[in-house]
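Listed below are the residues making up each chain.
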Amino acid sequence: MTIFPNRRKSKRQKEQSSEPGTSSGTRAEERQDPGIWGITGVVESQNLTNPSKAKKPTPQQAKKWQQSIDFLLEDPKGRAHFKKYLKTQYASENFDFWTAVDELKTKKPQGEKLKKETREIFENYISRDALYPVNINAKLRVGIEQMIEDPNTEIFDDAQKYVYRLMKDGPYMNFLQDSYFQTLIGGKG
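Below you will find a few notes about this structure. Think of each chain on its own: its residues are numbered from 1, step by step along the sequence as written. Only residues with pLDDT of at least 70 get local features here, since the model is predicted, and only at 80 or more are side-chain atom pairs given and counted; chain-wide, interface and lining totals rely on the full set of residues. As a rule here, side-chain values cover all heavy atoms of the structure and leave hydrogens and water aside.

### Some remarks on the nonpolar core
The condition that has to hold: Throughout, nonpolar core names a set of buried Ala, Val, Leu, Ile, Met, Phe, Trp, Tyr and Cys residues whose side chains join them through atoms within 4.5 Å. Relative accessibility decides the category of a residue: with a 1.4 Å probe and only protein chains considered, values under 20% of the type maximum give buried, values over 50% give exposed, and everything between is partly exposed. Secondary structure elements are taken from DSSP: a helix is a run of H or I of four residues or more, a strand is a run of E of two residues or more, and numbering for both begins at the N terminus. Residue contacts are defined here by distance: any two heavy atoms, one from each residue, within 4.5 Å place the two residues in contact.
By size, the foremost hydrophobic cluster in this structure holds 39 residues, and its most contacted members are Phe-82, Phe-97, Ile-126 and Phe-156. Per-element accounting of this core gives the leading share, 6 residues, to helix H7 (residues 93–107). Contacts of Phe-156, omitting those with residues within four sequence positions, involve Phe-97, Val-101, Leu-104, Thr-118, Ile-121, Phe-122, Ile-126 and Ile-144.

Next up, the structure:
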């Protein structure tokens, strides 16, 4: 079960899916994450730029991920394998948003850099025409829209918590039951 089972494409996604050279129909399926739209560092070192090359965890590491989504998200290998799974489910937008906000808080940019980075997150995941819209309610979206011109590093906190709960209750539980994860804990993956 995916978070976006019958989601329609936004106008921007439809335009991009008709670009020459696209084969899959949506940009989200074919994009190579440049460390969450050009922001590098933590994300690249965690192998999220190419989850298919994520290093195999030990069965003990993978079993620890079963204890809580927090253990999974704290482990670079866990993040990479969870993202790989989400891509197969066409549901990686929420994870990408959660990761981008986490990185924003870690970097703590200020001034124009803060405005630029919060605007990028907003346009990619929150705005009504977002390329990779996250599944948040209208109240959260409006609150962010009202703060986007004068942002702080906590602007996305409520939306990040909401998305975290969605991932925890849906995709994370499905990931643990999936045959892909079962091969990881069995040491055969």
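### Section: H7
Definition in use: Helix span, expected: 1.5 Å multiplied by one less than the number of residues in the helix.
A rise of 1.5 Å per residue sets the reference length of H7, with its 15 residues, at 21 Å; its end C-alpha atoms lie 21 Å apart and thus fit the reference within 8%. Buried within H7 we find Glu-93, Asn-94, Phe-95, Asp-96, Phe-97, Trp-98, Thr-99, Ala-100, Val-101, Glu-103 and Leu-104. Within two residues after H7, Lys-108 carries a phi angle of roughly 50°, on the positive side.

### Some words on helix H9 (residues 138–147)
Stated precisely, the cut-off is as follows: Each C-beta atom gives one direction from the helix axis, and the arc is the one those directions make.
Turning to H9, its buried residues number three or more, namely Leu-140, Arg-141 and Ile-144. What you see down the axis of H9 is that its buried residues fit within an arc of 100°, all on one side. Exposed side chains of H9 directed beyond 90 degrees from the buried face belong to Ala-138, Lys-139 and Gln-146. Contacts from the buried residues of H9 go to helix H8 (111–126) and helix H10 (157–169).

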